Amino acid sequence: MVAHAQTIHKQRHPLLAFAARWLFTTNHKEIGTLYLWLSFGLFFIAGSMAMLMRLELFEPGIQFIDPIFYNQVLTLHGLLMVFGVVMPAFVGLANWQIPMMIGAPDMALPRMNNFSFWLLPFAFAMLLSTIFMEGGAPNFGWTFYAPLSTTYGPPSTDFFILGVHLMGISSIMGAINIIVTIINMRAPGMTYMKMPLFVWTWLITAFLLIMVMPVLAGVVTMMLTDRHFGTSFFDAAGGGDPVMFQHIFWFFGHPEVYIMILPGFGIASQIIPTFARKKLFGYRSMVYATISIAVLSFVVWGHHMFTTGMPLFAELLIMYLTMLIAVPTGVKVFNWVATMWRGSMTFETPMLFAIGFVMMFTIGGFSGLMLALVPADFQYHDTYFVVAHFHYVLYPGAIFGTMAAVYYWLPKWCGNMYDERLGKIHFWLATIAVNLTFFPMHFTGLAGMPRRIPDYSLQFADFNRMSSMGAWLLGLTQVLFLYIVIKAIRKGAKATDQVWEGAEGLEWTIPSPAPLHTFQTPPIIAEDAVH
Amino acid sequence: MSRRDNKKHTLLLFALAGGMFGFAFALVPLYDVICEVTGLNGKTSTQVALAEEIEGFAVPSDRSVTIEFLARAARGMPWEFRPLEQQMRVQPGTMNVAIFHARNRARIAVIGQAVPSVSPGRAARYLKKIECFCFEQQKLPAGGEMDMAVSFIIDPDLPADISKLTLSYTMFLVSDLAAGSDHAQMASHQE
């Protein structure tokens, strides 16, 4: 069988063999790599769109792009960053790491794994192609509120709908695969309470995905039938209600924002103990806190819609529930800090990104608490304050978390250490730039600058100029990141099997670089071993 | 750890995903029921108020509230549509009648449907409509005009802090104007 496969490979043109290898691979490590590169590529595309917006916002007035195109770029930036960058990056990390961390030879459903990845390039090609269509790309923001996306949406909206369907199917299949793997493929002796936290957070994230991605699929299907098949789910003329769109969308949308952060929590919980050379403080409370956050995420969607004229009672209830989320999140931040307390800390690049994650995610968490206050939200709603808030939880949160993970596990993946000096420069430049970009938005937002508008009043000019310069620097530093990753893949100091002095866990017991097939025979986890 | 376990769990999870897809659609009737019960979003009942609902209303002599009327034609609707009176001062528990005027500016007959909304939203369920042009579709011949009535009672249980409410109607186009020539005809006249 093996010999047969090899002869086939020999006969093929090398390019064809290369394509076939990546098209048909069912190996979790190769699929993980595909996910990560797709995410990296789209990160630059969606990032360039942000650069373009910051160019337009550099000065008041309309200089470079017309407002219609601005709306399209803004929409695609949001959609790509959410569905094309953060989510595939986390799925890629899950593919690489989960089997290695639980001692499994591969994912439970390798062929489905291949299919879930290969849906994505087509989904995003379809979404990106809308830019070149007559009538332009979707222009209604990533939240695609009806009737803006139904009655008034451009013709390309239908491509957007189909693209969302494909991504949704991909995410659901990916999530099912991850859950089945975690439930059935753990090495003997690895009980649930011995699983590494990255695995735990991903298990919970995967359940969130299965619960809400079908709701997203439902809402875009309603849009499709409203647009073409005479239904009126969101059209008041036919007895529908546009506000209902927001309810269904945010029923998906709020768990979705936790989908984009929970795996980041898991990453921080892996990295901080390694470089503090201490066990993670409060492992059990971390697990329970993550579950609480996930459960609460289903009952707070209304805080995105306080200004739609909800009954006072609903506003109060949702406000309190939203603020309740600060408790389990606070438990997590406390545990990370307590893990570092009196540890023998060293500050390699992954640790720097992880600490940056904890600190700056917390800033985003606090502005979230401000937004949860109903009376205050009426002022903050749809201003740059909201933009500042969610970029603080997504950039130094989800993106820094992903970068920390890449620096942390890259030596295991490719067998070489990355350039530590360049890694540190990357961290500091990115940290300065991210704050320069997004911190001033708090001020412009509080002063009333509305989001999603390509022009602004003169008094916001200075802060916007700062944001724009910060954004370009931030974009540039990610080119440095690309260089560091490629450099590490090509050459660099050989990594040891354990890679990091304080690293513990199954993935550090296998050779570096990790061979294509690992844990063909499951490892035995000692009875007294702790996570 | 066996293949059978994998298959079982996979099928269960796919069923969960399928169930959630169905749940998204179940949210639609659920939302309507919740709106109906709570008056959320200012949706008033589209049904005639039942006799037993309004029979026992006591009329408090010392209270009166202002009700304002708004009317607008939706996008693409070639009607002129306005209330005859901008506002009324009414006593809760008594029957009132408000008249709305509509004129079809198109060269063809047009059918419209009015959709009501009440502000503040929580007042919606205290507004009981005995008769309303919004209960059914209205038809106007080319250039035709008519007065349409809504008779209503305000429930005396209306919370004390509400002294002013707004009843607004949006008149939507029901006729299918997609048939090219009709559409063109109407558009030309509208200008």
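> What am I meant to see in the overall build of chain A here?
A count of helices and strands for chain A gives 17 helices and zero strands. For the C-alpha atoms alone, the extent of chain A along its principal axes is close to 65 × 60 × 45 Å. Sorting the 531 residues of chain A into buried and exposed places 52% on the buried side.

> Would you mind showing me how to read the overall build of chain B here?
Helices and strands together make up the secondary structure of chain B, namely three helices and nine strands. Of the regular secondary structure in chain B, the N- to C-terminal order runs α-α-β-β-β-β-β-β-β-β-β-α. When the 191 residues of chain B are sorted by exposure, 28% land in the buried category.

> How should I be thinking about the sheet that holds strand β5 (residues 110-119) of chain B in this particular structure?
Backbone hydrogen bonds are what pair the strands of a sheet, in a parallel or an antiparallel way. Residues and elements named next belong to chain B. Strand order in the open sheet formed by five strands is β3-β1-β9-β5-β7, and the pairing between neighbours is mixed. Every other strand in the sheet has two partners, leaving β3 (87-90) and β7 (138-140) as the edge strands with one partner each. Recorded for the sheet is a direction-independent mean angle of 30 degrees between the axes of neighbouring strands. For strand β1 (residues 65-73) and strand β9 (residues 164-173), the ladder comprises eight bridges, and the chain directions are parallel. Across the sheet, the residue bridging to E68 is T166, located in β9.

> For this particular structure, what's the right way to read unusual backbone geometry?
A negative phi holds for most residues other than glycine; trans holds for most peptide bonds. In this structure, the amide linkage connecting A146(A) to the following residue, P147(A), adopts the cis form with an omega of 0 degrees. Of note, the bond from S119(B) into P120(B) is cis; its omega dihedral lies within 30 degrees of zero at -5 degrees. Within the element layout of this structure, P120(B) appears in the loop between β5 and β6 (127-132). Notably, F144(A) is not glycine yet its phi reads approximately 30 degrees, a positive angle. Mapped onto the fold, F144(A) is located in the loop between α5 (110-129) and α6 (157-184). For F144(A), a count of 24 C-beta atoms within 10 Å translates into the label buried.

> Whenever I open this one, the confidence of the model for chain B confuses me. Can you help?
Detailed reading of the predicted coordinates is not advisable wherever pLDDT falls low. Residue and element names in this part refer to chain B. Of all residues in chain B, 79% attain a pLDDT of 70 or more, and the chain-wide mean is 82. Averaged pLDDT values over the elements of chain B bottom out at 44 in helix α3 (residues 180-190) and peak at 93 in strand β2 (residues 79-83). Scored below 50 in pLDDT, residues 178-191 shows 16 contacts in the model against residues more than four places distant or in partner chains. Under the prediction, the complex receives an ipTM of 0.87, its pTM being 0.88.

> Explain helix α10 (residues 283-296) of chain A here, please?
Turn by turn, an α-helix covers 3.6 residues, leaving residues three or four places apart pointing in a common direction. Spanning 14 residues, α10(A) covers 20 Å between terminal C-alpha atoms, matching the ideal 20 Å at 1.5 Å per step. The elements touched by buried residues of α10(A) are α7 (197-228), α8 (242-259), α9 (262-276) and α12 (326-340) of chain A.

> I tried to follow the interface of chain A and chain B on my own but got confused; where do I start?
Many authors give the size of an interface as the accessible area that is lost as the parts come together. Taken residue by residue, the interface counts 26 residues in chain A and 27 residues in chain B. The set of elements that each furnish at least two residues to the side of chain A that touches chain B consists of α6, α7 and α8 of chain A. A per-element tally of the side of chain A that touches chain B places α7(A) first, with seven residues. Taken together, the residues that form the side of chain A that touches chain B break down as 21 nonpolar, four polar and one charged.

> Sorry if this is basic, but what is going on with helix α4 (residues 67-102) of chain A here?
All names here are of chain A. When the terminal C-alpha atoms of α4 are compared, their 50 Å separation across 36 residues agrees well with the 52 Å that a helix rising 1.5 Å per residue should span. At M81, α4 shows its strongest bend, of approximately 35 degrees. Burial within α4 is extensive, with 32 of its 36 residues counted as buried. Looking one or two residues beyond α4, the residue adopting positive phi is G103, at roughly 75 degrees.

Criteria and cut-off values
- Residues numbered from 1 in each chain as written.
- Chains lettered and ligands numbered in written order.
- Predicted model: local features only at pLDDT ≥ 70, side-chain atom pairs only at ≥ 80, totals over all residues.
- Helix = DSSP H or I, 4+ residues; strand = E, 2+ residues; numbered from the N terminus.
- Buried ≥ 20, exposed ≤ 12 C-beta atoms within 10 Å, placed from the backbone.
- Pairing = 2+ DSSP bridges.
- Axes fitted to C-alpha atoms, helices over the stretch in contact; angles between N-to-C directions.
- pLDDT = per-residue confidence, 0-100.
- Contact = placed C-beta atoms within 7 Å.
- Expected span 1.5 Å × (residues − 1).
- Nonpolar A, V, L, I, M, F, W, Y, C, P; charged D, E, K, R; others polar.
- Bend = angle between axes of the 7 residues up to and from the residue.

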